[in-house]
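Chain residues, written in single-letter form:
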Amino acid sequence: MLLAGLCTVDVVQRVAAFPEPGEKVQSLRVDVAAGGPATNAAVTVAALGTGATLLTALGAHPLAALAYADLSAYGVDLVDLAPGKTEPPPVSAVVVRDGDGERTVVSRNAATDEPLFLPTQPGLFDDVGAVLLDGHHPELALAVAREARRRDIPVVLDAGSWKPVLDELLPLVDVAACAQRFSAPGPTLSERGIPVVITTAGPDPVCWRTKEDSGQVAVPKAEARDTLGAGDVWHGALAHAVATLGRSVPGWIREANAVAAERVRHIGPRSWTGAAGSRTAKNAEEGEQ
């Protein structure tokens, strides 16, 4: 799979309780990992056993090495489109509450970065079952979507929030997945002609709509120990399902729900990936029987 979008460096502090303003607390655990919607989705795709290539910008700043190392360790093929950039990559300061896995995030996106463009790398789109875009790096998102459309490759959009590029990008999207709080100015996503629109609502059922049908898919119950990146994981699993599970929209959503539920059961940004890999292997064995 091919994924394009934001890559950050996440510094994650786990605490017993969120600090009050002016208060200093000692964390229970610290993790450093690559973050960002497309980046966490790429880790998810790799954990599910499919090749994942991430198009993003990291650069040569020493902090970027942390993200490089993390992505390499979890099987993501990184194509850095700004290798000479000396500014630090975006850094997210994350605090996760130990009791229920709830998190707060302070981050900076790629809005001030130089434009990124699609590389002329041979074979970049070969054997790609779907592409996922998070709307960051807008010029890159448009170029990837146009090439995917030309090749008849499904385009999945993680519509986390409205971005100016979406007016131009949405006509190229096959599957738009957004949170309940997402708001598009003017016509709704369905009214804009997107073939599949999916809306998540936390623990509540996921709603979906196509031109012919609509429905809901229940979310499995899970003890949430860490919710950081759960939405990104859900989108990565959805895109993986689009690429591998045929044309059943409820089936795509059930797969994404199951993988995201697995993610929130585990503490830490990457501790869940082993369980996801074991689950995929088990499903493959059952399919062969």
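Notes on the structure in this doc start here. Keep in mind that this is a model prediction, so the values were computed, not measured. Numbers given to residues run from 1 along each chain, matching the order in which its sequence is written. Residue-level local features of this predicted model are given only where pLDDT is at least 70; pairs of side-chain atoms are given and counted only at 80 or more, and the full residue set underlies all totals for whole chains, interfaces and linings. Note: side-chain values were computed over all heavy atoms of the structure, leaving out hydrogens and water.

1. Quick notes on the overall build of the protein
A count of helices and strands for the protein gives seven helices and 13 strands. If one aligns the C-alpha atoms of the protein with their principal axes, the spans along those axes are about 55 × 45 × 45 Å. Only protein chains enter the accessibility calculation, which uses a 1.4 Å probe. A residue is then buried if its area is under 20% of the maximum for its type, exposed if over 50%, and partly exposed in between. Expressed as a percentage of the 289 residues in the protein, the buried residues total 49%. Note on definitions: a residue-residue contact is assigned when non-hydrogen atoms from the two residues lie within 4.5 Å. Within the protein, residue pairs in contact and separated by at least 24 positions form 62% of the contacts whose partners lie at least 6 positions apart. Values of accessible area rely on a 1.4 Å probe in the Shrake-Rupley scheme; residue burial ignores everything except the protein chains shown. Working note: accessible area of the protein is about 13,500 Å², and carbon and sulfur atoms make up 51% of it. In this tally, Lys and Arg are treated as positive and Asp and Glu as negative; His is ignored, and so are the chain termini. Taken as the charge location is NZ of Lys, CZ of Arg, CG of Asp or CD of Glu. Counting 25 positive and 35 negative side-chain charges, the protein places the averaged centre of each group 3 Å from the other. In this description a helix means any DSSP run of H or I spanning at least four residues, a strand means any run of E spanning at least two, and both kinds are numbered starting from the N terminus.

2. Here's the deal with the nonpolar core
Soluble globular proteins tend to bury their nonpolar side chains together. Working definition of a nonpolar core: buried Ala, Val, Leu, Ile, Met, Phe, Trp, Tyr and Cys residues. They are joined through side-chain atoms within 4.5 Å. Counting residues in hydrophobic clusters, the biggest one holds 46 residues, and the most contacted among them are Leu 3, Ile 198, Trp 234 and Leu 238. Membership of the second largest hydrophobic core comes to 35 residues, among which are Val 155, Leu 166, Leu 189 and Ile 194.

3. Overview of the packing of aromatic side chains
Centres within 6.5 Å are what make two rings of Phe, Tyr or Trp a pair, Trp counting through its six-membered ring; a difference in plane orientation under 30 degrees is then read as stacked, over 60 as edge-to-face, and the rest as tilted. Scanning the entire structure with this criterion turns up one aromatic pair. For a lysine, the NZ atom is tested; for an arginine, the CZ atom; a charge sits over a ring if that atom is within 6 Å of the ring centre and within 35 degrees of the ring normal. Here Arg 270 stacks its cationic end above the ring of Tyr 74, 6.0 Å away from the centre of that ring.

4. With respect to the packing of helix H5 (residues 230–244) against helix H6 (residues 249–264)
Between N-to-C directions, angles cover 0 to 180 degrees, with each direction set by a line fitted to C-alpha atoms, over the stretch in contact for helices. Packing of H5 against H6 brings their axes to within 8 Å, and their N-to-C directions diverge by 145°. Where H5 crosses over H6, the two elements pack in a sense that is right-handed. Counting all contacts with H5, which are made through Ala 230, Val 233, Trp 234, Ala 237, Leu 238, Ala 241 and Val 242, the residues of H6 involved are Trp 252, Ile 253, Glu 255, Ala 256, Asn 257, Val 259, Ala 260, Arg 263 and Val 264. Grouping the constituent residues of the contact of H5 with H6 by class yields 13 nonpolar, one polar and two charged. Definitions for this section: a left-handed crossing has its near helix turned counterclockwise from the far helix by less than a right angle. A right-handed crossing has that turn clockwise. Just so you know the grouping, Ala, Val, Leu, Ile, Met, Phe, Trp, Tyr, Cys and Pro go in nonpolar, Asp, Glu, Lys and Arg go in charged, and all remaining residues, Gly too, go in polar.

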